[in-house]
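Okay, here's what each chain looks like letter by letter:
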Amino acid sequence: MSQKGDKKKPKTVEEIIADYQKYHHKAGKEFKDRIKKFEEFYDPESIHGAVFAHHAHYTIFGRPGKEKDYPGAFNEAYKKLDKHVKEDDEKLEDEDKLAEILDTYADTFLQQAMGSGFKKAMDHAQKENKMDKKELRELKGQFMGQFHFDDEGNPQNILSDSYIKRLKGKKKVELIDELKNMSERVKKSYNIFLNKKALEGILSEEDRTDMAKYLTPIFEERGFKHKKTHIMRSVGEQQAHYGALLAGNPENSLQQAGYKAIKYQKKEKDKK
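Keep in mind that what you see is a predicted model, and the values were worked out from it rather than measured.

**Student:** Explanation requested: the overall build of the chain in the structure shown.
**Tutor:** Within the chain one finds 13 helices and four strands. Computed over C-alpha atoms, the radius of gyration of the chain comes to 23 Å, more than 25% over the 19 Å expected from 2.2 N^0.38 for 272 residues, which places it beyond the range of a compact globule. Along the three orthogonal principal directions, the C-alpha set of the chain runs to about 75 × 50 × 35 Å. The burial tally for the chain puts 39% of its 272 residues in the buried class. Nonlocal contacts in the chain, meaning residues at least 24 apart in sequence, comprise 67% of its contacts between residues at least 6 apart. About 16800 Å² of surface is accessible on the chain, with carbon and sulfur atoms providing 48% of the total. Counting 55 positive and 49 negative side-chain charges, the chain places the averaged centre of each group 5 Å from the other.

What follows is the structure in structure tokens.
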């Protein structure tokens, strides 16, 4: 039995995001409280980042023992592929069947990623706008574009005619690889999406000066200096750099951003 005053820790992805969003800059919290909340996400004792990563993995590849809640977009699409093509070297030429496989993938993923918003959008499209099957696929493909990108980082509609035609005539083993590669991309971008959703708005451009003052001694003490002072960067940039520092092993990401390794010299006030 919990004692009076115990704070209930957020456990689900939704609860974790809601807990961080209580510190949105518009909620009236002071900078010192909001920056501490930002740091909390990267605390070695915090499991929130890992929870997001696991959730993204379960959404794509399923969760053992909880298949009803997390069937997995890859798994459901694979089942549909297996239904249409039996042998590994058999080619799938039917575009409608390919669309059905990708449609199943999108449905399974978006039900998790968008929650009730996905059902609301589908109901609106079907009941109020009488959209046909192809139009619905186009809409779902647009939603998927938030989470699936090509090699250049451009949103990619996996339910577009051009994408489906690209898969036409591929062998089953090749289509499995296509689903795997697509899934790894979606998993990565969905994880990034969850992280951004939690930390979004905690710091604002109005915090630019406070952020710069706060970060300068921290970066110097950790042995990183840049020819540009922190005040020269937007809060978004400062936040990204600080996140890289807090996440551990920041050398590559920070050095790519132009930081140089320095030996920290304690100032007189630090020695007292």
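Now that the structure is up, let's keep going.
**Student:** Would you mind going over the packing of aromatic side chains with me for this structure?
**Tutor:** Two descriptors summarise a pair of aromatic rings, namely the distance from one centre to the other and the angle between the planes of the rings. Throughout the structure, instances matching the rule amount to 17 aromatic pairs. Ring centres 5.2 Å apart and planes at 80° place the aromatic pair Phe 109 and Tyr 190 in the edge-to-face group. Here Phe 109, found in helix 5 (residues 95-113), pairs with Tyr 190, found in helix 9 (residues 172-199); they are 81 residues apart in sequence, far enough to count as distant. The exposure class of Tyr 190 is buried, given its relative accessible area of 2%. Put simply, the rings of Tyr 20, Phe 31, Phe 38, Phe 41, Tyr 42, Phe 52, Tyr 214, Phe 219, Tyr 242 and Tyr 259 pair up and form one aromatic cluster. In this structure, Lys 29 is placed above the aromatic ring of Tyr 23, and the distance from its NZ or CZ to the ring centre is 4.8 Å. One Lys or Arg, Lys 37, reaches over the ring of Tyr 20 and ends 4.8 Å from the middle of that ring.

**Student:** I would appreciate a short explanation of the pattern of salt bridges in the present structure.
**Tutor:** Once their charged atoms are close, side chains differing in charge can pair, the charge on each being opposite to the other. Counted according to the given criterion, the structure contains 21 salt bridges. Of the charged contacts, one joins Lys 79 and Glu 76 as a salt bridge, the two residues approaching to 3.1 Å between their closest N and O atoms. Taken together, the residues Lys 79 and Glu 76, both in helix 4 (residues 73-84) and three residues apart, mark about one turn of the helix. By relative accessible area, which is 53% here, Lys 79 ends up exposed. The salt bridge involving Glu 178 is made with Arg 166; its shortest N-O contact spans 3.5 Å. Taken as a pair, Glu 178 in helix 9 and Arg 166 in helix 8 (residues 161-167) lie far apart in primary sequence, 12 residues in all. Via salt bridges that share partners, Asp 103, Asp 107, Arg 137 and Lys 140 belong to a single interconnected network.

**Student:** Teacher, can you tell me more about the side chain of His 55 here?
**Tutor:** Along the polypeptide, His 55 turns up in helix 3 (residues 48-61). Among residues more than four places away in sequence, those in contact with His 55 are Val 13, Tyr 70, Gln 112, Tyr 190 and Leu 194.

**Student:** Would you take a moment to explain the packing of helix 3 against helix 4 for this structure?
**Tutor:** Each pair of packed helices gets described by two things: the angle between the helix axes and the distance between those axes. Interhelical geometry of helix 3 versus helix 4 gives an angle of 10° and a closest axis separation of 3 Å. Comparing their axes, helix 4 and helix 3 come out roughly parallel. Residues Thr 59, Ile 60 and Phe 61 of helix 3 lie in contact with helix 4, whose contacting residues are Ala 73, Phe 74 and Asn 75. In terms of residue class, the contact of helix 3 with helix 4 is made up of four nonpolar, two polar and no charged.

**Student:** What is the right way to read the packing of helix 4 against helix 5 from this model?
**Tutor:** Where helix 4 contacts helix 5, the axes come no closer than 8 Å and their chain directions differ by 160°. Between helix 4 and helix 5, the angle falls in the class roughly antiparallel. Where helix 4 crosses over helix 5, the handedness of that crossing is right-handed. Of the residues in helix 5, those touching helix 4 at Ala 73, Phe 74, Glu 76, Ala 77, Lys 80, Leu 81 and His 84 are Lys 97, Glu 100, Ile 101, Thr 104, Tyr 105, Thr 108 and Phe 109.

**Student:** Mind showing me how you'd approach empty space enclosed by the protein here?
**Tutor:** One way to see where empty space is left: roll a probe the size of a water molecule over the atoms. In total, this model carries one cavity of 30 Å³ or more according to the counting rule given. Quantified by volume, the largest cavity comes out at close to 80 Å³. Lining the largest cavity are Leu 81, Leu 98, Ile 101, Leu 102, Tyr 163, Leu 167, Leu 175, Glu 178, Leu 179 and Met 182. At the level of secondary structure, the elements contributing two or more residues to the lining of the largest cavity comprise helix 5, helix 8 and helix 9. Here the residues of the lining of the largest cavity are counted per class, giving nine nonpolar, no polar and one charged.

**Student:** Can you walk me through unusual backbone geometry in this structure?
**Tutor:** It is generally the case that most residues other than glycine have a negative phi and that most peptide bonds are trans. Despite not being glycine, Lys 130 has its phi angle at roughly 50°, a positive value. Within the secondary structure, Lys 130 sits in the loop between helix 6 (116-128) and helix 7 (133-144). We classify Lys 130 as exposed; its relative accessible area is 63%.

What counts and what doesn't
Residues numbered from 1 in each chain as written. Predicted model: local features only at pLDDT ≥ 70, side-chain atom pairs only at ≥ 80, totals over all residues. Heavy atoms only, no water. Helix = DSSP H or I, 4+ residues; strand = E, 2+ residues; numbered from the N terminus. Rg over C-alpha atoms; globule rule 2.2 N^0.38 Å. Buried < 20%, exposed > 50% of the residue type's maximum accessible area, 1.4 Å probe, protein only. Contact = heavy atoms within 4.5 Å. Areas by Shrake-Rupley, 256 points an atom, 1.4 Å probe, with all protein chains shown as cover. Lys, Arg positive; Asp, Glu negative; His and termini not counted. Charge placed at Lys NZ, Arg CZ, Asp CG, Glu CD. Phe/Tyr/Trp six-rings, centres within 6.5 Å; stacked < 30°, edge-to-face > 60°. Lys NZ or Arg CZ within 6 Å of the ring centre and 35° of its normal. Salt bridge = Lys/Arg side-chain N within 4 Å of Asp/Glu carboxyl O. Axes fitted to C-alpha atoms, helices over the stretch in contact; angles between N-to-C directions. Parallel < 35°, antiparallel > 145°, perpendicular 65-115°, else oblique. Nonpolar A, V, L, I, M, F, W, Y, C, P; charged D, E, K, R; others polar. Left-handed = near helix turned anticlockwise from the far one by under 90°. 1 Å grid on protein atoms, 1.4 Å probe; cavity = no way out; pocket = protein on both sides within 12 Å on 5 of 7 lines; lining within 4 Å. Points joined across faces, edges and corners; volume = space filled by probe spheres on them.

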